[in-house]
Amino acid sequence: MKICIIPARSGSKRIKNKNIKKFNGKPIISYPINILKKTKLFNNIFTSTDSKLISKISIKYGSEIPFLRNKGLADDKSGIIEVIKNFLQNLAKKNKIIPNYVCCVLPTAVFIKPNDILSAYKILRTSKN
């Protein structure tokens, strides 16, 4: 099973609500979701967020939100690895999902291309380390 997690907290200090700001007419987070869907690589695309609004927008574009992120992991001191690890623990505990492969794509990665993801996966699969 292959999943992708998009960590999108609500409390950006520099640009308020940056993950859902409009960029070329659509919310920023919609771009990586649509690109990830185009790869047809992932069984699930999840958004890890503490925000009901980000959840609603993410679901609209095809991401899943099985639970909201703990507010303690939604500040600017929480690292991505900590957030992803916590998400995976909750996913296993609450949803009985244990993936073989995990990808993390930032919600602001509007210029990523499907081939970038597919090439990275190919390297991961063929790498001996």
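For the structure, see preceding data.
Residues numbered from 1 in each chain as written. Predicted model: local features only at pLDDT ≥ 70, side-chain atom pairs only at ≥ 80, totals over all residues. Heavy atoms only, no water.

Colleague: Talk me through the overall build of the chain; I want residue IDs and the actual numbers.
Modeller: Within the chain, the regular secondary structure consists of four helices and five strands. Put simply, the chain runs from its N terminus to its C terminus through helices and strands in the order β-β-β-α-β-α-α-β-α. Here the C-alpha radius of gyration of the chain, 14 Å, is about what a compact globule of 129 residues would show, namely 14 Å. In terms of overall dimensions, the chain has a C-alpha envelope of 40 × 35 × 25 Å along the principal axes. Taken over 129 residues, the chain has a buried fraction of 43%. Taking contacts inside the chain between residues at least 6 apart in sequence as the whole, the part at least 24 apart equals 66%. When the accessible surface of the chain is split by element, carbon and sulfur atoms take 54% of a total near 8,000 Å². (Helix = DSSP H or I, 4+ residues; strand = E, 2+ residues; numbered from the N terminus. Rg over C-alpha atoms; globule rule 2.2 N^0.38 Å. Buried < 20%, exposed > 50% of the residue type's maximum accessible area, 1.4 Å probe, protein only. Contact = heavy atoms within 4.5 Å. Areas by Shrake-Rupley, 256 points an atom, 1.4 Å probe, with all protein chains shown as cover.)

Colleague: So what's going on with helix 3 (residues 80-95)? Residues and values would help.
Modeller: Between its terminal C-alpha atoms helix 3 stretches 21 Å, which fits the 22 Å expected from 16 residues at 1.5 Å a residue. Here the buried face of helix 3 lies against strand 1 (2-7), strand 4 (44-48) and strand 5 (101-104). Lys96, located one to two residues past helix 3, shows a positive phi value of around 55°. (Expected span 1.5 Å × (residues − 1).)

Colleague: Before we move on, can you summarise the packing of helix 1 (residues 30-39) against helix 4 (residues 114-126) with the specific residues and values?
Modeller: In contact at an axis separation of 8 Å, helix 1 and helix 4 are set at 55° when each is read in the N-to-C sense. The pairing of helix 1 with helix 4 is recorded here as oblique in orientation. The two elements helix 1 and helix 4 cross, and the hand of that crossing is right-handed. Across the interface between the two elements, Ile35, Leu36, Lys38 and Thr39 of helix 1 pack against Pro114, Ile117 and Leu118 of helix 4. (Axes fitted to C-alpha atoms, helices over the stretch in contact; angles between N-to-C directions. Parallel < 35°, antiparallel > 145°, perpendicular 65-115°, else oblique. Left-handed = near helix turned anticlockwise from the far one by under 90°.)

Colleague: Report on the side chain of Thr49, specifying residues and quantitative values.
Modeller: You can see Thr49 is positioned in the loop between strand 4 and helix 2 (52-61). Look past the residues within four positions of Thr49 in its chain and what remains in contact with it is Ala8, Arg9, Ile54, Ser55, Leu68 and Arg69.

Colleague: I'd like a description of helix 1, backed by residues and values.
Modeller: Helical periodicity: at 3.6 residues per turn, an α-helix aligns residues three or four positions apart in one direction. Counting buried residues in helix 1 gives eight out of 10 residues, a clear majority hidden from the surface. Within the span of helix 1, buried status applies to Ser30, Tyr31, Pro32, Ile33, Asn34, Ile35, Leu36 and Thr39. Tucked inside the fold, the buried residues of helix 1 contact strand 1, strand 2 (22-23), strand 3 (26-27), strand 4, helix 2 and helix 4. The positive-phi residue at the C-terminal boundary of helix 1 is Lys40, with phi of around 55°.

Colleague: I'd like to hear about the state of the cysteines, residue by residue, with values.
Modeller: All chains considered together, the criterion is met by zero disulfides. Cysteine Cys103 remains unbridged, with the sulfur of Cys4 as its closest cysteine sulfur at 3.8 Å. A relative accessible area of 18% means that Cys103 is categorised as buried. (Disulfide = S-S within 2.5 Å.)

In short, geometric facts, not functional conclusions.
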